[in-house]
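Close look at the chain arrangement
Here is what each chain is made of, one letter per residue.
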Amino acid sequence: MSKIQEIAQAVETGKSKLIEGLVTEALNEGIDPLKILNEGMIAAMSVVGEKFQKAEVFVPEMLVAARTMKKGVEILKPKLGDGSVASLGKCIIGTVHGDLHDIGKNLVALMIESAGFNVIDLGVDVTAEAFLAAIKENPDVKIVALSCLLTTTMPSLKEIAAALKAGEVKSFKLIVGGAPITQEFADQVGADGYSADAAGAAILAKKLAS
Ligand code: B12
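Quick notes on the rules
Residues numbered from 1 in each chain as written. Predicted model: local features only at pLDDT ≥ 70, side-chain atom pairs only at ≥ 80, totals over all residues. Heavy atoms only, no water. Helix = DSSP H or I, 4+ residues; strand = E, 2+ residues; numbered from the N terminus. Rg over C-alpha atoms; globule rule 2.2 N^0.38 Å. Buried < 20%, exposed > 50% of the residue type's maximum accessible area, 1.4 Å probe, protein only. Donors = N, O, S within 2.8 Å, 3.2 Å for Na, K, Ca; no water. Domains from an automatic or database assignment. Contact = heavy atoms within 4.5 Å. Buried area = accessible area lost by both parts, 1.4 Å probe. Near = heavy atom within 4 Å. Polar contact = N/O pair within 3.5 Å; in protein donor to acceptor, adjacent residues only side chain to side chain. Nonpolar A, V, L, I, M, F, W, Y, C, P; charged D, E, K, R; others polar. Disulfide = S-S within 2.5 Å. Salt bridge = Lys/Arg side-chain N within 4 Å of Asp/Glu carboxyl O. Pairing = 2+ DSSP bridges. Right-handed = clockwise from strand over helix to strand, strands pointing away.

Counting its regular elements, the chain contains nine helices and five strands. In the chain, the succession of helices and strands from N to C terminus is α-α-α-α-β-α-β-α-β-α-β-α-β-α. In terms of C-alpha radius of gyration, the chain reaches 17 Å, essentially the compact-globule figure of 17 Å for 210 residues. Summarising its shape, the C-alpha atoms of the chain cover approximately 55 × 40 × 25 Å along the three principal directions. For the chain, buried positions account for 44% of its 210 residues.

Looking now at the coordination of the cobalt atom of the ligand. In a perfect tetrahedron of four donors around a metal, the angles come out at 109.5 degrees. In a perfect octahedron of six, they are 90 or 180 degrees. Among protein residues, the single donor to the cobalt atom of the ligand is His101 (NE2), with a metal-donor distance of 2.3 Å. Along the chain, His101 falls in the loop between strand 1 (90–95) and helix 5 (103–114).

What the domain assignment reports for the chain is domain 1 (3–80) and domain 2 (90–209). Look at where the C-alpha atoms of domain 1 and domain 2 centre, and you get two points 25 Å apart. Taken residue by residue, the interface counts 10 residues in domain 1 and seven residues in domain 2. Both faces combined, the contact of domain 1 with domain 2 buries some 660 Å², and carbon together with sulfur accounts for 85% of it.

Below, the discussion takes up the site of the ligand. Every one of the 36 residues lining the ligand counts as a neighbour, but Leu100, His101, Asp102, Ser147 and Thr151 are closest to it. For the ligand, an oxygen atom lies 2.7 Å from a polar atom in the backbone of Leu100. Between the ligand and His101 there is a distance of 2.7 Å, counted from a nitrogen atom to a side-chain nitrogen or oxygen. Of the residues forming the shell around the ligand, the biggest block, six residues, is contributed by helix 3 (residues 33–53). The class makeup of the residues in the shell around the ligand is 21 nonpolar, 11 polar and four charged.

Attention now moves to the state of the cysteines. This structure, assessed with the given rule, holds zero disulfides. Cysteine Cys91 remains unbridged, with the sulfur of Cys148 as its closest cysteine sulfur at 17 Å.

Tracing the backbone shows Pro78 in helix 4 (residues 59–80). Using a relative accessible area of 65% as the deciding quantity, one classes Pro78 as exposed. Note: C-alpha distance between Pro78 and Ser114 (36 residues apart in sequence) is 9.4 Å.

On to the pattern of salt bridges. Here the structure, examined in full by the defined rule, presents 10 salt bridges. Between Lys165 and Asp192 there is a salt bridge, and its shortest N-O distance comes to 3.8 Å. Within this pair, whereas Lys165 is found in helix 7 (residues 154–165), its partner Asp192 is found in the loop between helix 8 (183–188) and strand 5 (193–194), the two being separated by 27 residues in sequence. One salt-bridge network, in which partners are shared between bridges, spans Lys3, Glu6, Glu25 and Glu29.

It is worth spelling out the pairing of strand 2 (residues 118–121) at this point. Pairing analysis gives four bridges linking strand 1 to strand 2, with the strands arranged parallel. Bridged to Ile93 within strand 2 is Asp121. Since strand 1 and strand 2 lie parallel, the crossover through helix 5 that links them has a hand, and here it is right-handed.

In structure tokens, the structure reads:
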């Protein structure tokens, strides 16, 4: 079994005690950190999602897989950045109200920070009011990023986007993403950009802020 496969299996089966060692070994072997993230950990989370859909695993298994992935990402974090000093401006990010998923949001925050932004992370279950308050506090914000993982919280994203568009500060660009989000939905809610993954989100943020 390759190291990447071992990492994927550890995430899938929630072996949080093994993950740090495996990721460190993979890095020492010179494996690209992005490959470890995409082909090892993110791929494993997709498998967990598919198994959940087929009722082969349940919420506790998803939770331990998520915790294992988080631990692995902590080891990868310093290796994912390009070391550039934050200078592209501020980005406010959060997972929309009603939604508690934060792994994808955290990865997007990490990649956007690595691209040179100063990221203000509002966490999960963030209401329109909380986004508006953060924007009011940081009127020079360049990018506001909304993450949404549930089809049931897509209306929440739509409401937040509308509230932000109607807010006092209008100078920022709005980007949206998350597994159920599409370019079509992003256009519908009036977002300035959409990306299917974290690397694309960073490229998008850079493009929109320049
Ligand atoms: C882990 C997980 C959980 C964990 C979350 C832990 C955590 N701290 O995040 C727990 C166990 C808490 C959980 C709970 C639930 N979950 Co859940 N969960 C998942 C799972 C397996 C993985 C999600 C994940 O982390 N993926 C990995 C990351 C890296 O991918 P990602 O989030 O998609 O993010 C990437 C992109 O989408 C994008 N992106 C994300 N955000 C943004 C933002 C911007 C601006 C941009 C540009 C891009 C972007 O970039 C990211 C990185 O590349 C998914 C299945 C899946 N494959 O998605 C189900 C899934 C999302 N969950 C699901 C469900 C149903 C639930 C529950 C309702 C279950 C229940 N009965 O309680 C609850 C809801 C709780 C709530 N209110 O939020 C369903 C949703 C179905 C649907 N149609 O909406 C899924 C799809 C599983 C399934 N196949 O049925 N879950």
